[in-house]
Amino acid sequence: MNGLIVNKFMLLILTAFFCLSLIVIYLPILVMIVFSFNSGKYQTLPFREPTFEWYVSLIADNSFINSFFTSLMMASLASIFATILGFLAAYAFSKAKVPAHALLFGIVVCPLVIPMILIGIGMRLQIVSIGIEPALWLVLLGQTLYVLPLAVINLKNRIDKIPKSMEEAAISLGSTRIKSIILILAPICAPSIFATLLLTFTFSFDEFVIAYFLTNFEVTLPIRIWTSLVTGFEPKINAVGTAVFIFSLTLGLIAQFILLFKQTDLDKNKA
Amino acid sequence: MGGSSNTINPWPFLLPALLLCILFFLIPTVNMVILSLTTENGIGLDNFKLFFSTPHLTQALHRSITLAISATIMGSVVAWPLAYFIVFCVNKKWRPLFLLAILAPFWTSFTIRAFSWQLVLSDNGVIAWFIELITGMSVTLGILYTMNASIFGLALFCSMLTTFTLYGALVSIDTKLIEAASNLGAKPFNIFKDIIFPLGLPGWIAGIFLSFIVCVGDYAVPTLLGGGLKPVLAQIMLSILKGTYDLSQAATIAIILAMTVIMCGLPLIIYGMLRRKRVSV
C-alpha cells in the first residue's frame, strides 16, 4: 500500500525530515544531560572533566528533596482522585442515560480546552474572595480538576468498547450494580486504569500554575525549579532537569505504550 | 428495553466529578467575570476601558496573539510531513514506536524543556560554540531573549501536539480507499489532495486549536526564551498575582485572554459543527 502514495524520492525527503526533527527535539535535552556531568561553574562548551558534583549537591539540597516529596504526594493523590472520579463519570456518560449529556460532558472536559493559567487565576481569585488561605489541599483539588478530563476521556474510550451485556448478565445472575462494576468492569479496564493513573500523575507532577497560585509557602518541585531558573543560575539545575526528565519520561512512556499498543491489540481482536 | 432494574441512575456516578468542576471551575469563572466588571463606581466596563487605554497591556496582548499564531502555524505545517511519514512510510508494527520517539520529550516538564533550549541558543551556548569551532570566529547569536526564540520554542511544542492529533486521524483512514483510488488510476498527489488531506483535516484542526490554547496562555517559554523585557499577557498576570495584587485587573486580563481564545477558536468550532452536520446528513 505504501508504494502507492509515496515514491522513492518522497520517501527519502520524508525520512530525512523525520530524522532532522528528532535531532532538533533531542539536542537540547542531550546538551542538558551532558552539562549535568560537566565540572565548572559556567555552563559552556567545551566539556571539561566529568563529575557527579551536581548530583551530590542536589541530593544534599533539602529544598529540592522536600519539594520533590511534596510533588510526589500531590501527584499521587491527584492522580488517584482523578482516576476514581473519572472512572465513575466515564461509566455514567458511557452506560447511563445522562440528561443534558452534551452540556455536562462539556463541563467536565472543559478544563482541557482552557489555558491553564486561567483556571489557576480563577481559583486564586475565588479563594481570596471567600477568604480561604492558600494551602496544599487546594492545590490537590485544583490539580485533580486539571487532570480529570484526561481521565474521563481515556476511560470513556475504554468503557465504550465493553458491551453492556456483560454487566447485565452478572446482574441477572444476582449481582448488584456496584459489585458488577468492581468485579467485572474494573478488571477489564485495568490496563486503561493503570495508564490513566500514570498519565494523570505525570501531568499533575509537572503542573506549575495552579500550585503557584494556590500556595504561599509550600513549594512543589516545578515551583522550586522555576524559582531557581528565574532568580539566577544554579549549576545543579542541569542535574535536576536530567533527573526530572528521566523520571517523567519513564512514567509517560509506560502510559503511552499501554494506550497505543493496547489500542492495536483491540483492533487485532476485532479483525 | 429493560425494566427499572436495568436503567442506571447516572447521578451517584456523575456527582463527585461534577461537583469538583462546579466548585473549582464554574463558580470561579463566574466570580472572575463579576470581578472584572466591578469598579469603584459599581458595575461597568471601566476595567476593560482602562486595559485598552494602557499601551503596556495592549502591546502585551498583541504579543500574546502574534506569538501564539506564529507558533501554531509553524507547528501545524511541520506536523504534516511528520505524521505522514509515520503513518504511510513506516511498517504498521513500528508506527507507535516512531510516534513515541517524537512525543517522548512531551512527557517531561515544560519548564525544563524551555530551559534546555537556553543552553543551546544562548550567546555562549552550543550553537555559538559550534559556529566558532567551524569558522574560527566568535559570533554573537542574539537569539536568546527575543520574540523569535519564544516562537521557536512554542512552535516545537505545537508540532509535537499537532503530529499527535494528526496521527490519530491519518492512522484511521481505511487503506481500501487509497488502494481503490490507486487502482482506478489516481496519482499520488491526487490521492493526497482528495483522500488523505480531507480525512486528516479534523485531527489537524484539533491540534491547531489545542496548540493555540497552550501558546496563548504560556508564561514559561516567553519568560525563559523570550526574556522579561517584552512580556506577554500571561507573564503580566503572573506578576500581578505575585506582586501588585490588583485583583480586578488580574480578572480583567484573564477575561480578555479567554475572549481571545474563544474568538480565535470560533471559526474552528463552527467548522467542526458544520462538518458534523454534513456527516450526519
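Residues numbered from 1 in each chain as written. Chains lettered and ligands numbered in written order. Predicted model: local features only at pLDDT ≥ 70, side-chain atom pairs only at ≥ 80, totals over all residues. Heavy atoms only, no water.

Asks: Hey, could you run me through the state of the cysteines in this one?
Replies: By definition, a disulfide links the sulfur atoms of two cysteines through a covalent bond. The tally for this structure, following the rule as stated, stands at zero disulfides over all chains. Looking at C21 of chain B, it has no disulfide partner, and the nearest cysteine sulfur is the one in C110 of chain A, 8.8 Å off. C89 of chain B forms no disulfide, and the closest cysteine sulfur to it belongs to C19 of chain A, at a distance of 12 Å. Taking relative accessible area as the criterion, C89 of chain B reaches 19% and is therefore assigned buried. (Disulfide = S-S within 2.5 Å. Buried < 20%, exposed > 50% of the residue type's maximum accessible area, 1.4 Å probe, protein only.)

Asks: How should I be thinking about helix α7 (residues 147-171) of chain B in this particular structure?
Replies: Residues spaced three or four apart along an α-helix face the same direction, because each turn holds 3.6 residues. Between its first and last C-alpha, α7 of chain B extends 35 Å over 25 residues, near the 36 Å set by a 1.5 Å rise per residue. With 19 of its 25 residues buried, α7 of chain B lies for the most part within the structure. (Helix = DSSP H or I, 4+ residues; strand = E, 2+ residues; numbered from the N terminus. Expected span 1.5 Å × (residues − 1).)

Asks: Looking at this structure, how should I read helix α12 (residues 221-231) of chain A?
Replies: Within α12 of chain A, eight of the eleven residues are buried, which leaves the element mostly enclosed by the surrounding structure. All buried positions along α12 of chain A are accounted for by L221, P222, I223, R224, I225, W226, S228 and L229 of chain A.

Asks: Help me understand empty space enclosed by the protein, please; the structure alone is not making it clear to me.
Replies: Throughout the structure, instances matching the rule amount to three cavities of 30 Å³ or more. As a volume, the largest cavity reaches approximately 130 Å³. In this structure, the largest cavity is lined by 13 residues; those nearest its centre are R113, A114, W117, G153 and L156 of chain B. Sorting the residues of the lining of the largest cavity by element identifies α2 (8-36) of chain A together with α5 (110-121) and α7 of chain B as the ones contributing at least two each. Looking at the lining of the largest cavity residue by residue, the class counts come to eleven nonpolar, one polar and one charged. (1 Å grid on protein atoms, 1.4 Å probe; cavity = no way out; pocket = protein on both sides within 12 Å on 5 of 7 lines; lining within 4 Å. Points joined across faces, edges and corners; volume = space filled by probe spheres on them. Nonpolar A, V, L, I, M, F, W, Y, C, P; charged D, E, K, R; others polar.)

Asks: I keep staring at the interface of chain B and chain A and nothing clicks. Help me out?
Replies: Many structure descriptions define interface size as the accessible area lost when the parts assemble. Counting residues at the interface gives 87 residues for chain B and 93 residues for chain A. Together chain B and chain A conceal approximately 8200 Å² of surface at their shared face, both sides included; 83% is due to carbon and sulfur atoms. The three residues of chain B that bury the most area against chain A are F13, F24 and W107 of chain B, which together make up 10% of that side's buried surface. Counting every contact that joins chain B to chain A gives zero salt bridges. At the junction of chain B and chain A, the tally comes to four residue pairs in polar contact (both at pLDDT 80 or more). (Contact = heavy atoms within 4.5 Å. Buried area = accessible area lost by both parts, 1.4 Å probe. Salt bridge = Lys/Arg side-chain N within 4 Å of Asp/Glu carboxyl O. Polar contact = N/O pair within 3.5 Å; in protein donor to acceptor, adjacent residues only side chain to side chain.)

Asks: What am I meant to see in the side chain of Q235 of chain B here?
Replies: All names here are of chain B. Along the polypeptide, Q235 turns up in helix α11 (residues 233-242). Among the polar contacts listed, one links the side chain of Q235 to the backbone oxygen of G227, at a separation of 3.5 Å. Ignoring sequence-local partners within four residues, the contact set of Q235 consists of Y219, P222, T223, G227, G228 and K230.

Asks: How do you make sense of the confidence of the model for chain B when you look at a structure like this?
Replies: Averaged over every residue, the pLDDT of chain B is 87; residues scoring 70 or more account for 96%. For chain B, helix α12 (residues 247-280) of chain B is the element with the lowest average pLDDT, namely 81, and helix α3 (residues 55-89) of chain B is the one with the highest, namely 95. (pLDDT = per-residue confidence, 0-100.)

Asks: How should the pattern of salt bridges be read in this particular structure?
Replies: Side chains that carry opposite charge are capable of pairing whenever their charged atoms lie near each other. Residues and elements named next belong to chain A. Under the definition given, this model contains six salt bridges over all chains. Put simply, K236 and D61 hold a salt bridge, and the shortest N to O gap is 3.4 Å. With a gap of 175 residues between them, K236 in the loop between α12 and α13 (237-270) and D61 in the loop between α3 (53-60) and α4 (62-95) connect regions that are remote in the sequence. Of the residues examined, K236 reaches a relative accessible area of 14% and is grouped as buried. Classification of D61 as buried rests on a relative accessible area of 15%. In the salt-bridge network here, residues are joined through shared partners; they are D61, R224 and K236.

Asks: Help me understand the packing of aromatic side chains in this model?
Replies: Here the distance between the centres and the angle between the planes together describe a pair of aromatic rings. Residue and element names in this part refer to chain B. In the structure shown here, the tally under the stated rule is 29 aromatic pairs over all chains. Judged by centre distance (5.6 Å) and plane angle (75°), the rings of W80 and F192 are edge-to-face. Remark: F192 occurs in helix α9 (residues 188-216) and W80 occurs in helix α3; sequence separation between them is 112 residues. According to the relative accessible area criterion, W80 is buried, its value standing at 9%. (Phe/Tyr/Trp six-rings, centres within 6.5 Å; stacked < 30°, edge-to-face > 60°.)

Asks: How should the environment of N66 of chain A be read in this particular structure?
Replies: Residue and element names in this part refer to chain A. Position of N66 relative to the elements: it lies in helix α4. A relative accessible area of 47% places N66 in the partly exposed class. When the C-alpha positions of N66 and L221 are compared, they lie 8.3 Å apart, and in sequence the two are 155 residues distant.

Asks: Any chance you could explain the nonpolar core here in plain terms?
Replies: Soluble, globular proteins show a tendency: their nonpolar side chains are buried together. Core analysis: the largest hydrophobic core is formed by 134 residues, its most contacted members being I117 and I225 of chain A together with Y219 of chain B. Within the second largest apolar cluster, 37 residues are counted, among which are I25 of chain A together with M160, L161 and Y167 of chain B. (Core = buried A, V, L, I, M, F, W, Y, C linked by side-chain atoms within 4.5 Å.)

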